[in-house]
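As a plain string of letters, each chain reads:
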Amino acid sequence: MLQKSDLINYFQSSFTKPEFKGIGTEHEKFIFHCKNKKRLEFEGDISIQDLFQFLISKGWQNNEYNSSNQLISLNKNGASVTLEPGCQLELSGKILKNVHQTCTESYEHLNELQEYAEQKNLCIIGLGFDPISKLEDIKFIPKDRYNIMKNYMPKVGNRGLDMMTRTCTVQANFDYFSESDLIKKFVVANRIQPIVMALFCNSPFRESKLNNFKSNRLLTWQDTDQERCGIKKKFLSKNFTLEEYINYVLNVKNYFLKINGKHIDTTSYSFLQLLEKTTNDKIIQEYNLTISDWINHLSTIFTEVRLKSYMEVRGADAGKWDMICALPAFWTGILYDEEILNDLWEETENWSQEGILELYQEVPNKGLQSNLMGKNLSEIGTWLLNISKQGLNKRGYLNSDGQDESIHLEKLQNIIKEQKTPADVLIEEFNKTGEINSILNQRYY
């Protein structure tokens, strides 16, 4: 039977030797019909199923099917293409050694999508929140676990269904080398995550209108499920422990178990209750949890920094290609330089935990114009970008033009210099035209 010690060992067995560390990048995007601005659906003549067949012609392979034997994911050379509940398309990239490689991977993926889009008159849009569609206009893809989540979300928040169908993000994934390294990376990432979120604000529209928010995606996540989302105060403490994270996850409601090939709704129970068999359901009581159930449960924790067999930083709005590259670049310079990580561990310890949490709540509305403990985010952002650049310079990975990975920070440096996030640029464009379609037609990657 599964024991708590097995859960601890799951993380400890995931420690990676520093020389084998890698970078994984995941990014989601919306696909619309250019003419009527309706979202691409799961099946039909022009659909996700048709797109998957196109990608198969490019060397992708069938990976996963739903209960109706419909294709729902592809893989190729360690990367995968998957679907979010509203048919948002996601690339989960291969684990790569440097940011140049992950940026090339993203570029090649987007080129494939663009080829299909031009054939079918589709628009591929990198924004954090669907700028046009109403919730009732979007069909959920037929996937059992999504049906369970769809029924559960309205019980724990007001925007969970929006989160599932109308948001897109870019995230970066990193290895940890020991328990102390895991703790430092996790705590430092949580402390500076709201600043990164502010730089990446890119979703000012909701149902074709401005609604005074720079990130409707982050606004949505903040009202999805307080139990499993956000930044927790305990994650900001120098005294944070791995066991504390495990205890936190244990007490979060479990979405489902797959028993005898069927997804069983377990949203009434925390993982701890399932582990201790303190449930009223005979089928669930008789089932013995496995480490795969723990892994599935970890994937349904939606905090802004998440621990699995690696660490995910998840707070950024989706964006164009240069912003996709910028996210792993920024975090690589911070998290993969031991000296820099140790310095930030000490320096951010002086930051007010309440101030960080207040900033997190403020960012969706004010973006880069937010403040942390009386300091403008541009000042703190400049400082962090310079630190990240130092880390990337020291790594010394050069592209074919002899440039190191810090070249991918240029977009963020310009955002700071001009005091304009991608959301601010979109707002300016909209205020000039008063019409959203002309803006969206420019939103190609």
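Everything that follows concerns the structure shown earlier in this document.
In this report, the structure presented in the accompanying data block is examined. (Residues numbered from 1 in each chain as written. Predicted model: local features only at pLDDT ≥ 70, side-chain atom pairs only at ≥ 80, totals over all residues. Heavy atoms only, no water.)

## What to know about the overall build of the protein
So, step 1. The number of helices and strands found in the protein is 18 helices and 17 strands.
So, step 2. Its C-alpha atoms give the protein principal-axis dimensions of about 60 × 55 × 40 Å.
So, step 3. Within the protein, the proportion of its 445 residues that are buried is 57%.
So, step 4. Once local pairs closer than 6 in sequence are excluded, the contacts in the protein between residues at least 24 apart make up 72%.
So, step 5. Summed over all atoms, the accessible surface of the protein reaches about 18,300 Å², with 44% contributed by carbon and sulfur.
So, step 6. Put simply, the protein has 52 plus and 59 minus side-chain charges, and the middle of one group is 3 Å from the middle of the other. (Helix = DSSP H or I, 4+ residues; strand = E, 2+ residues; numbered from the N terminus. Buried < 20%, exposed > 50% of the residue type's maximum accessible area, 1.4 Å probe, protein only. Contact = heavy atoms within 4.5 Å. Areas by Shrake-Rupley, 256 points an atom, 1.4 Å probe, with all protein chains shown as cover. Lys, Arg positive; Asp, Glu negative; His and termini not counted. Charge placed at Lys NZ, Arg CZ, Asp CG, Glu CD.)

## A closer look at the environment of threonine 165
So, step 1. Position of threonine 165 among the secondary structure elements: in helix H5 (residues 160-166).
So, step 2. By relative accessible area, threonine 165 is classed as buried at 0%.
So, step 3. Separated by 32 residues in the primary sequence, threonine 165 and serine 133 place their C-alpha atoms 9.8 Å from one another.

## Quick look at the environment of leucine 242
So, step 1. Along the polypeptide, leucine 242 turns up in helix H8 (residues 242-250).
So, step 2. Separated by 234 residues in sequence, leucine 242 and isoleucine 8 place their C-alpha atoms 7.8 Å apart.
So, step 3. Dropping the residues within four chain positions of it, leucine 242 is found in contact with Phe11, Gln12, Glu179, Leu182 and Ile183.

## Details of the side chain of arginine 166
So, step 1. Examined against the element boundaries, arginine 166 turns out to sit in helix H5.
So, step 2. For arginine 166, a relative accessible area of 1% corresponds to the buried category.
So, step 3. A distance of 2.6 Å separates a polar atom in the side chain of arginine 166 from the backbone oxygen of serine 133.
So, step 4. Each residue touching arginine 166, except ones within four places of it in the same chain, is listed here: Phe30, Arg39, Gln88, Gly128, Phe129, Asp130, Ser133, Lys134, Leu135, Ile138, Arg206 and Glu207. (Polar contact = N/O pair within 3.5 Å; in protein donor to acceptor, adjacent residues only side chain to side chain.)

## Points about helix H1 (residues 4-12)
So, step 1. When H1 is considered as a whole, its buried residues turn out to be Leu7, Tyr10 and Phe11. Each buried residue of H1 sits inside an arc of 90° when the element is viewed along its axis, so together they form one side.
So, step 2. Taken together, the buried residues of H1 touch H8, helix H9 (271-276), helix H11 (291-298) and strand E14 (305-307). (Arc of directions from axis to C-beta.)

## Quick notes on the state of the cysteines
So, step 1. Applying the stated criterion across every chain, the model contains 2 disulfides.
So, step 2. In this model, cysteine 34 is linked to cysteine 123 through a disulfide, with the two sulfur atoms separated by 2.3 Å. Disulfide cysteine 34-cysteine 123: the torsion about the S-S bond is 130°, which places it as right-handed. Of this pair, cysteine 34 sits in the loop between strand E1 (23-33) and helix H2 (48-57) while cysteine 123 sits in strand E6 (residues 122-125); the two residues are 89 residues apart in sequence, bridging distant segments of the chain.
So, step 3. The buried category is assigned to cysteine 34, whose relative accessible area is 11%.
So, step 4. Here cysteine 103 pairs with cysteine 325 through a disulfide, and the sulfurs are 1.8 Å apart. Taking the torsion about the sulfur-sulfur bond, which here is approximately 80°, the covalent link between cysteine 103 and cysteine 325 counts as right-handed. With cysteine 103 in helix H3 (residues 99-120) and cysteine 325 in helix H12 (residues 321-335), this pair connects stretches of sequence that are 222 residues apart. By the burial criterion, cysteine 103 is buried, and cysteine 325 matches it.
So, step 5. There is no disulfide at cysteine 201, and the cysteine sulfur nearest it, in cysteine 168, is 16 Å away.
So, step 6. Not part of a disulfide, cysteine 229 finds its nearest cysteine sulfur in cysteine 168, a span of 16 Å. (Disulfide = S-S within 2.5 Å.)

## Considering unusual backbone geometry
So, step 1. The phi dihedral of lysine 37 falls on the positive side, at around 60°, and the residue is not glycine.
So, step 2. With respect to the helices and strands, the residue lysine 37 is situated in the loop between E1 and H2.
So, step 3. On the basis of relative accessibility, which here comes to 9%, the residue lysine 37 falls in the buried class.
So, step 4. For asparagine 69, which is not a glycine, the phi torsion comes out positive at approximately 65°.
So, step 5. Note that asparagine 69 resides in the loop between strand E2 (61-65) and strand E3 (71-76).
So, step 6. A residue is classified by how much of its surface remains accessible, and asparagine 69, at 60% relative accessible area, is exposed.

## Re the packing of aromatic side chains
Aromatic ring pairs are reported here in terms of the distance separating the ring centres and the angle at which the planes meet.
So, step 1. Here the structure, examined in full by the defined rule, presents 22 aromatic pairs.
So, step 2. Judged by centre distance (5.3 Å) and plane angle (75°), the ring pair of tyrosine 10 and phenylalanine 11 falls under edge-to-face.
So, step 3. Measuring from ring centre to ring centre gives 6.3 Å for phenylalanine 11 and tyrosine 245, while their planes differ by 85°; the resulting arrangement is edge-to-face. Placement of the pair is phenylalanine 11 in helix H1 and tyrosine 245 in helix H8, with a sequence separation of 234 residues. (Phe/Tyr/Trp six-rings, centres within 6.5 Å; stacked < 30°, edge-to-face > 60°.)

## Side note on the pairing of strand E4 (residues 79-83)
So, step 1. For E4, a buried count of 4 out of 5 residues is recorded, marking the element as mostly surrounded by other parts of the structure.
So, step 2. In this structure, E3 lies alongside E4, joined through 3 bridges in antiparallel fashion. From the neighbouring strand, asparagine 75 faces E4, where its bridge partner is serine 80.
So, step 3. Counting the residues that bridge the hairpin from E3 to E4 gives 2 residues, and of these asparagine 77 lies at a positive phi of roughly 50°.
So, step 4. Where E4 and strand E5 (residues 89-92) come together, 4 bridges link them in antiparallel fashion. Across the sheet, residue valine 81 finds its bridge partner in E5, namely leucine 91.
So, step 5. Counting the residues in the hairpin turn of E4 and E5 gives 5 residues, including cysteine 87, whose phi is positive at 75°. (Pairing = 2+ DSSP bridges.)

In short, the description is geometric, and any link to function would need to be established separately.
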